[in-house]
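# Notes for the structure review
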Amino acid sequence: MPMTITEKILAAHAGRETVSPGELIQVEVDLALANDITAPSAIGVFYDLGAPEVFDREKIALVPDHFVPNKDIASAQQVKVSREFAQRHRIKHFFELGETGIEHVILPEKGLVSPGDLVIGADSHTCTYGALGAFSKGVGSTDLGAILATGKTWLKVPATIKLVYEGRLPHWVGGKDLILYTLGLIGVAGAVYCSLEFTGEVIERLPMPQRFTMANMAVEAGAKNGIFEPDEITKAYMEGRSDRPGDFLRSDPEASYDQEIRIMVDDMEPQVALPHSPDHVRPISELDSVPLDQVFLGSCTNGRLEDLREAAGLLEGQEVAKGTRFIVIPGSQSIYKEAIKEGIIETFLDAGAVIGPPCCGPCLGGHMGVLAEGERALSTSNRNFVGRMGHPKSEVYLAGPAVAAASAIMGRIASPEEL
Amino acid sequence: MPPFFEGAQGGSIKEFPKDLLDPGCLEGNKGMKIEGRVWKFGDHVDTDLIIPARYLNVSEGHELAKYCFADVRPDLVKEVQVGDIAVAGVNFGCGSSREQAPLALKAAGIGAVIAKSFARIFYRNAFNIGLPILESEEAPEQIKEGDRVSLDFSTGAIVVISGDKHFLARPIPDFMRAILRAGGLVKYLKKSQSAAGDLPAL
Ligand code: SF4
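Note that the coordinates shown come from a computational prediction; the quantities given were computed from them, not determined experimentally.

All names here are of chain A. Taken in spatial order, the 5 strands line up as E4-E3-E2-E5-E6 in an open sheet, and their pairing is parallel. Of all the strands in the sheet, the pair left with one neighbour each is strand E4 (93-94) and strand E6 (135-138). The pairing of strand E3 (residues 60-63) with E4 spans 2 bridges and is classified as parallel. Directly across from Ala 61, in E4, lies its bridge partner His 93.

Structure representation (structure tokens):
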């Protein structure tokens, strides 16, 4: 039976020849992930289940990244729970400050996910690893706690929506714009219970960091997972990171899809999501002047080295507008180091940006750059719900790194073309 | 047992109707019902609205419950009665995977949620922590804020007592019913775990 790449990975992990959409299956998990917010409850569930040991101490990753460096006593307690659990069960991949960063940035960076893997994380943006041709999805803490004990979980095989991107990407238009445009098209409930498969000539040429950005926001359409067929670009990315080559699966040409959506990119402009929903998307030329109190460059969506590089290219010799705060947070320790080496951090500092330690930062409004009542921010992250970055009466606009840099310079939402 | 464990299980500030956690409550002739006042919401209620991220530095249900809908409906926590029912449109619980969202609702006293549809992770989390949820296209269209509604989990019947309207919820998949019947995933697994730690066959 012809299958999509998602169906092939699920079948392989369910020990079956084939699976089809709608079936409930039980699967083996290659990697289980939790962060500082979700791990404590998952660990509680693990203890309650009474399992003597974790299913595999090398297949669990615990990454405190949301409220670190610990923002208050309660957060410190939460991280302590994870740390003690990691020590007690000799969890191999527990990353503390100094070797860490945002979970979805560091797991691929450290080579912990290979093509064909099945990854379950207690964080909705676990879908990021679909960029590598893995099946990955988010769950809650209880599901994850059960996985810590058993190494298995159940799931429903999703139907797949195929997205085909055609044409040539204009200058300043990248993965973030593609996914924002797609969200504008299908909506925040456009792919509920479905898999999104990203294909087409544009995708075949798309560099790895931008694939991560796109897969990361599959959940913003309600999707279970987002996935790319692994190719030469994936292979080059994996080189030197992992000794597990992975399974380079592809969808069968006759595989059946729930829908096929074709998107022409030739005339696409940089895209911006307006408050308060990631599908409230407009091309940048349609926006009136939107003054900004804060610009945030970072997050698991756009905190990678290439994102910082693109923004720094625009900020070279420029200054951040008076009255606008520009916060830059590298996605991981090694991105931070490399950005220093390349002079990127110096460019940001000279322009008047403030640099935060690798973590989620202001993305979820709890720490490092929280917005006051009535304030407006542009962020390279993935969500702009009411109160996402602070006061319920603050506003968040979402865009890519080039728009973020141009906007920081102009003090209002601006296209890089304006510079 | 570590102290955070209670939160993982959905500790509650108010007594939760015991029968809902009773195995068999969804089955047969028992006719398990709850009745409560309706709190009405729109489409795409996200988890940041249900429990804002800045309160996620704790995991305990009773702590989280204090901030349930803190930004948009601060009146809810003050006035909710145990067993009240939240009614919403499409895609309820979209956004993050935080299990603290259904946990906060349950601990605040919400007895069930009826929506046109639920976000995938929320749907799963709700069953896992034992918060009953029902899907219906029509009911949320016609139920109003403040209505008194009764739910029968054995039949999926939704009845607006004040207006004498009847609806039937979409059936819950058998496997999910079993989890809810057991009182959540942990209890379900404990009950059915084999010696080898295997999950029960689906
Ligand atoms: S950067 Fe934002 S979206 Fe990504 S894991 Fe952190 S809080 Fe979640």
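There's plenty left to go through after this.
Along helix H9 (residues 185-192) of chain B, the residues that are buried comprise Leu 185, Val 186, Tyr 188 and Leu 189 of chain B. An end-on view of H9 of chain B places all buried positions within 165° of arc, on one side of the element.

This next bit is on the environment of Arg 98 of chain B. When you line up the elements, Arg 98 of chain B lands in the loop between strand E2 (85-88) and helix H5 (100-108). Residues Arg 98 of chain B and Ala 108 of chain B lie 10 residues apart in sequence; the distance between their C-alpha atoms is 16 Å. The residues touching Arg 98 of chain B, leaving out its near neighbours within four places in the chain, are Arg 388 of chain A together with Thr 47, Asp 48, Ile 51, Pro 52, Ala 53, Leu 56 and Asn 125 of chain B.

So, about the site of the ligand. Residues and elements named next belong to chain A. All residues in the neighbourhood of the ligand are listed as His 66, Glu 103, His 104, His 125, Ser 299, Cys 300, Cys 360, Cys 363, Leu 364, Asn 382 and Arg 388. Among the elements of the structure, helix H4 (103-109) and helix H10 (299-302) are those that each provide at least two residues to the shell around the ligand. Within the shell around the ligand, the residues separate by chemical class into 4 nonpolar, 5 polar and 2 charged. Here the shell around the ligand gathers at least three residues from each of two domains, domain 1 (5-263) and domain 2 (272-418).

This next bit is on the domain arrangement of chain A. Residue and element names in this part refer to chain A. Assigned domains within chain A: domain 1 (5-263) and domain 2 (272-418). Domain 1 puts 34 residues into the contact, and the matching count from domain 2 is 37 residues. Roughly 2900 Å² of surface becomes buried between domain 1 and domain 2 when both sides are summed, with 63% attributable to carbon and sulfur atoms. When the buried surface of domain 1 facing domain 2 is broken down by residue, Ile 102, Trp 172 and Lys 176 rank first, second and third, together holding 23% of it. Counting every contact that joins domain 1 to domain 2 gives 1 salt bridge. Between Glu 220 and Arg 383 there is a salt bridge, with the nearest N and O atoms lying 2.6 Å from each other. The tally of links between domain 1 and domain 2 comes to 20 residue pairs in polar contact (both at pLDDT 80 or more). Breaking the side of domain 1 that touches domain 2 down by element, the ones donating at least two residues are H4, helix H6 (175-186) and helix H8 (208-216).

Take the environment of Glu 286 of chain A next. All names here are of chain A. Structurally, Glu 286 is set in the loop between strand E13 (281-283) and strand E14 (294-297). Overall, the relative accessible area of 51% leaves Glu 286 in the exposed class. A C-alpha to C-alpha distance of 23 Å links Glu 286 and Met 217, two positions 69 residues apart in sequence.

This structure, assessed with the given rule, holds 29 salt bridges over all chains. Each of Arg 37, Arg 73, Asp 75 and Glu 145 of chain B takes part in a single network of salt bridges with overlapping partners.

Working note: a packed helix pair is described by the angle between its axes plus the distance between those axes. Residues and elements named next belong to chain B. In the contact formed by H5 and helix H6 (residues 120-129), the axes pass within 8 Å of each other and the chain directions differ by 50°. In this view, H5 runs oblique relative to H6, as classed from their interaxial angle. As H5 runs across H6, the sense of the crossing is right-handed. Across the interface between the two elements, Ala 101, Pro 102, Leu 103, Leu 105 and Lys 106 from H5 touch Phe 122, Asn 125, Ala 126 and Ile 129 from H6. Of the residues contributing to the contact of H5 with H6, the split by class is 7 nonpolar, 1 polar and 1 charged.

Think of interface size as the accessible area that goes away when the parts come together; that is how it is often given. The partner chain B presents 45 residues to the 53 residues of chain A that form the contact. Between chain A and chain B lies a buried interface of about 4200 Å² when both sides are counted; carbon and sulfur atoms form 59% of it. Counting every contact that joins chain A to chain B gives 3 salt bridges. With a closest N to O distance of 2.6 Å, Asp 143 of chain A and Arg 124 of chain B form a salt bridge. Where chain A meets chain B, there are 19 residue pairs in polar contact (both at pLDDT 80 or more). Taken together, the elements giving at least two residues each to the side of chain A that touches chain B come down to strand E1 (24-28), helix H2 (39-49), helix H3 (73-88), E6, helix H5 (141-150) and strand E7 (152-156) of chain A. At 8 residues, the largest contribution of residues to the side of chain A that touches chain B is made by H2 of chain A. Residues of the side of chain A that touches chain B, tallied by class, amount to 26 nonpolar, 17 polar and 10 charged.

About the criteria used
- Residues numbered from 1 in each chain as written.
- Chains lettered and ligands numbered in written order.
- Predicted model: local features only at pLDDT ≥ 70, side-chain atom pairs only at ≥ 80, totals over all residues.
- Heavy atoms only, no water.
- Pairing = 2+ DSSP bridges.
- Helix = DSSP H or I, 4+ residues; strand = E, 2+ residues; numbered from the N terminus.
- Buried < 20%, exposed > 50% of the residue type's maximum accessible area, 1.4 Å probe, protein only.
- Arc of directions from axis to C-beta.
- Contact = heavy atoms within 4.5 Å.
- Near = heavy atom within 4 Å.
- Nonpolar A, V, L, I, M, F, W, Y, C, P; charged D, E, K, R; others polar.
- Domains from an automatic or database assignment.
- Buried area = accessible area lost by both parts, 1.4 Å probe.
- Salt bridge = Lys/Arg side-chain N within 4 Å of Asp/Glu carboxyl O.
- Polar contact = N/O pair within 3.5 Å; in protein donor to acceptor, adjacent residues only side chain to side chain.
- Axes fitted to C-alpha atoms, helices over the stretch in contact; angles between N-to-C directions.
- Parallel < 35°, antiparallel > 145°, perpendicular 65-115°, else oblique.
- Left-handed = near helix turned anticlockwise from the far one by under 90°.

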